[in-house]
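A closer look at the structure
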Amino acid sequence: MNAIALRAGVCGARLCVVTVIGRATAESADQRTSFDRWLQGAHTSAHARRTAERDAAFLLPHLRRLRDASPGGLRLLDAGCGPGSITIGLAGVVAPGAAVGIDASPHAVAEARAAAAARGCANVTFELADIYALPFPDDAFDAVFSHAVMQHLAEPVRALRELRRVLRPGGVVAVADADHDGSIMAPEDARIDTSQELLRRLREHGGGGDPRVGKRLRSLLHDAGFARCEATASAAFEGAETSARMTGEFWANYLASPELVEHAVALGLATSAELTAMASAWREWGAHPGAFWARFWCEAIGWAE
């Protein structure tokens, strides 16, 4: 299935100061928590489309070599596991070892646990945790994986250093993320361009992150203390009628959701009318017989020495 998997990373409630119609006002923690809860749940079905075979393909050869050299199996951490579809696949690769998935969203962790139980996957567990302060001792894992998380973090090197702490010497880290500089779409629509800029600005108001982080993954691993860092890239694309329509509907519903509309309008980033126009543009794009969207997914591997 050649389709862009729509992803969200680690989010958390926070008290922040925003500008609304030219004046600074303190946004209440309850309001922020409500928006975050919606944001965390909005992507669950899309996240569940991810698989280890496709989204962790660049890690699998390294993982299998490590496994073959470890008869007892490997211990793997998936940092930012979402609803667990990748983690469950990786658990099969590291068996008879075990996989642990962590996420900052209680909703995602609950979904992941339910998915593992439904599939009868006994060598995987899921925990609520902060990627900046992992609840594991040093050298606890043979491999660490993190997918579509770095773009949402204000301090990615700090997070990677924490991942380095829990990785044993000789272990491998694998990270993947999109880069919005590597995106092509047809037919073009200024309203869709505006919607993507809006999403970037919403992320900035949510505490930072960089939607163009993909190209920097190798450098970030190096800065975090990993060795023999290598980078690759792959293209994910929408080019079929069903997948394009699904993606168009997803983003149309996303931009029209009451929680996002209320939040974006309160921040002064868009009007209700503008958001309605953006949603219509995505729906029209998804229904177009020539709809096509491709973007790079950047990947990087590093080693703990």
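Before reading further, recall that the structure is shown in the block above.
For the structure given in this document, a descriptive report is provided here.

1. Details of the environment of Met246
As for its position among the elements, Met246 is in helix H10 (residues 241–256). The exposure class of Met246 is partly exposed, given its relative accessible area of 43%.

2. Observations regarding the packing of aromatic side chains
Taken as a whole, this structure holds ten aromatic pairs when the rule is applied. Measuring from centroid to centroid gives 5.1 Å for Phe136 and Phe141, while their planes differ by 90°, and the two rings are edge-to-face. Phe141 carries the same exposure label as Phe136, and that label is buried. Ring centres 6.2 Å apart and planes at 25° place the aromatic pair Phe237 and Phe292 in the stacked group. Within this pair, whereas Phe237 is found in strand S8 (residues 227–238), its partner Phe292 is found in strand S9 (residues 292–303), the two being separated by 55 residues in sequence. Through successive ring pairs, a cluster of aromatic residues spans Phe250, Trp251, Tyr254, Trp282, Trp285 and Trp293. Sitting over the ring of Tyr132, Arg158 keeps its end group 4.2 Å from the ring centre.

3. Some details on the pattern of salt bridges
As enumerated under the stated definition, the model contains 15 salt bridges in all. One salt bridge in this structure joins Lys215 and Asp181, with 2.8 Å as the shortest N-O distance. Placement of Lys215 in the loop between helix H8 (190–205) and helix H9 (217–223) and of Asp181 in strand S7 (residues 167–186) is noted, with a sequence separation of 34 residues between them. What makes Asp181 partly exposed here is its relative accessible area of 49%.

4. Here's the deal with the sheet that holds S8
Taking strand neighbours across the sheet as the criterion, the seven strands line up as S5-S4-S3-S6-S7-S9-S8 in an open arrangement whose pairing is mixed. Each having just a single partner strand, strand S5 (124–128) and S8 make up the two edges of the open sheet. On average, each strand axis in the sheet is inclined to that of its neighbour by 20°, with strand direction left out of account. Bridge count between strand S6 (residues 141–147) and S7: six bridges; the pairing is parallel. Among the inter-strand pairings, His147 is bridged to a residue of S7, identified as Ala176.

Definitions and limits used
Residues numbered from 1 in each chain as written. Predicted model: local features only at pLDDT ≥ 70, side-chain atom pairs only at ≥ 80, totals over all residues. Heavy atoms only, no water. Helix = DSSP H or I, 4+ residues; strand = E, 2+ residues; numbered from the N terminus. Buried < 20%, exposed > 50% of the residue type's maximum accessible area, 1.4 Å probe, protein only. Phe/Tyr/Trp six-rings, centres within 6.5 Å; stacked < 30°, edge-to-face > 60°. Lys NZ or Arg CZ within 6 Å of the ring centre and 35° of its normal. Salt bridge = Lys/Arg side-chain N within 4 Å of Asp/Glu carboxyl O. Pairing = 2+ DSSP bridges. Axes fitted to C-alpha atoms, helices over the stretch in contact; angles between N-to-C directions.

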